[in-house]
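# Results of the structural survey
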Amino acid sequence: MAIKPHIYQESDTLYRECAARIVELALDTLAHQEHFHIALAGGTTPRGLYQFLSRLGHEEFPHWERVRFYFGDERNVPPEHEESNFRMARESLFLPLQIKESAIKRIKGELPPEEAVPHYQEILEELPKENDAPRFDLILLGMGADGHVASLFPGTPLLHERQQVVGANFVEKLECRRYSLTLPVLNNARHIILLVSGAKKADVIRHVFHGPDTAEPLPVQMLNHEKIEWFLDAEAARFLDTENEA
Ligand code: 6PG
């Protein structure tokens, strides 16, 4: 059973509350650690959150220079491509906050796997380790209507990778290659936030929270649920008990 989700009627409230939680986690971490290591989600949902974060005043969060930005996954495209997760984060977060390039650790989607994967493996080596794996302070994830997280799609090879920390994943149904952190790294994070919005996700949210359990769990169900904090809008949560909706 998943932990009780935070549910919000309005997307602005969803983004504000999710941003507040990220700031809270960052401040807690920075009280005893030099840097806050976050892996960003791609896709479309997080753009509104990143724009909200980029508008926070200095008094709300004065430590952007101590945040290190990584990516949970990336498309196999150049950084300026409209599909690039890096491009979306650059436009909505990095440029408005004037984040210095050295604080941004992008996956080089423009490179072939034999170059992009070792490059990111090296980048991840710089992270603190826990359980012999890179340990993020926070991994922010979206979720597809099929229950995929990052670029770990149902029935794809990388979903079952347990040794490598990052890999290439050919996604048949999208007819494209993606680069993604693997499940051991996702589950090694201190905190995981799932930010999910829209009616398209309501069926899979119902499945995650109310079952039935299936022989083959969905990728999102393979995450360590003790670490997940769910931030949903009312459309995505429409099949759930909404007593705690704000
Ligand atoms: C990506 C993401 C992916 C995304 C889900 C949801 O590269 O697309 O990392 O895991 O979070 O597909 O995407 P939306 O937010 O666009 O619905």
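On a predicted model such as this, the values are computed, not experimentally measured, just so you know. (Residues numbered from 1 in each chain as written. Predicted model: local features only at pLDDT ≥ 70, side-chain atom pairs only at ≥ 80, totals over all residues. Heavy atoms only, no water.)

## Quick look at the layout of surface pockets
Vacant regions in the atomic arrangement are exposed by a probe of water-molecule size rolled over the atoms. The space that makes up the largest pocket amounts to roughly 510 Å³. Residue composition of the lining of the largest pocket, by class: nine nonpolar, eleven polar and seven charged. (1 Å grid on protein atoms, 1.4 Å probe; cavity = no way out; pocket = protein on both sides within 12 Å on 5 of 7 lines; lining within 4 Å. Points joined across faces, edges and corners; volume = space filled by probe spheres on them. Nonpolar A, V, L, I, M, F, W, Y, C, P; charged D, E, K, R; others polar.)

## Focus: the site of the ligand
T44, T45, R75, H148 and A150 are the nearest of the 14 residues found near the ligand. Between an oxygen atom of the ligand and a side-chain N or O atom of T45, the distance comes to 2.6 Å. In the model, an oxygen atom of the ligand is placed 2.7 Å from a nitrogen or oxygen of the K201 side chain. Across the complex, the protein chains shield 89% of the 410 Å² of accessible surface that the ligand would expose by itself. When atoms are counted within 2 Å of each cavity's grid points, the one that captures over half of the ligand is the largest pocket. Class assignment of the residues belonging to the shell around the ligand gives a composition of two nonpolar, eight polar and four charged. (Near = heavy atom within 4 Å. Polar contact = N/O pair within 3.5 Å; in protein donor to acceptor, adjacent residues only side chain to side chain. Areas by Shrake-Rupley, 256 points an atom, 1.4 Å probe, with all protein chains shown as cover. Sits in = over half its atoms within 2 Å of the grid points.)

## A word on the pattern of salt bridges
Pairing between side chains of opposite charge can happen when their charged atoms approach one another. Enumeration according to the criterion identifies 16 salt bridges in this entry. The residue R16 makes a salt bridge to E17 at a minimum N-O spacing of 3.5 Å. Classification of R16 as partly exposed rests on a relative accessible area of 39%. Owing to a relative accessible area of 27%, E17 belongs among the partly exposed residues under this scheme. A salt bridge links E91 to R87; the shortest N-O distance between them is 2.8 Å. Residue E91 and its partner R87 are located together in helix α3 (residues 85-97), separated by four residues, close to a single helical turn. Using a relative accessible area of 36% as the deciding quantity, one classes E91 as partly exposed. Here the salt bridges share partners, and the residues they tie into one network are E130, R135, D137 and R190. (Salt bridge = Lys/Arg side-chain N within 4 Å of Asp/Glu carboxyl O. Buried < 20%, exposed > 50% of the residue type's maximum accessible area, 1.4 Å probe, protein only. Helix = DSSP H or I, 4+ residues; strand = E, 2+ residues; numbered from the N terminus.)

## Considerations on the nonpolar core
As a rule of thumb, nonpolar side chains are buried together in soluble globular proteins. If you look at the biggest cluster of nonpolar residues, it comprises 81 residues, and the most contacted ones within it are L49, Y50, L53, F94, F136, L194 and W230. In terms of residue count, helix α1 (residues 11-30) provides more of this core than any other element does, nine residues in total. Once residues within four sequence positions are removed from consideration, L194 is found in contact with L141, G142, M143, V149, V220, L223, I228, E229, W230 and F231. (Core = buried A, V, L, I, M, F, W, Y, C linked by side-chain atoms within 4.5 Å. Contact = heavy atoms within 4.5 Å.)

## Regarding the pairing of strand β10 (residues 191-196)
Of all six residues that make up β10, five are buried, and the element is covered over most of its length. For β10 and strand β11 (residues 228-233), the ladder comprises five bridges, and the chain directions are parallel. Residue pairing for β11: L194 is matched across the bridge by W230. On the question of chirality, the crossover connecting β10 to the parallel β11 by way of helix α6 (residues 202-210) is right-handed. (Pairing = 2+ DSSP bridges. Right-handed = clockwise from strand over helix to strand, strands pointing away.)

## Here we look at the environment of H210
Here H210 is to be found in helix α6. With 29 residues separating them along the chain, H210 and F239 place their C-alpha atoms 9.2 Å apart.

## A few points about unusual backbone geometry
In this structure, P212 follows G211 across a cis peptide bond, with omega equal to 5 degrees. With respect to the helices and strands, P212 occurs in the loop between α6 and β11. Within the chain, N131 stands out as a residue other than glycine whose phi angle is a positive 55 degrees. Following the sequence through the fold, N131 ends up in the loop between β5 (129-130) and β6 (133-134). Among the residues examined, N131 registers a relative accessible area of 63% and is labelled exposed.

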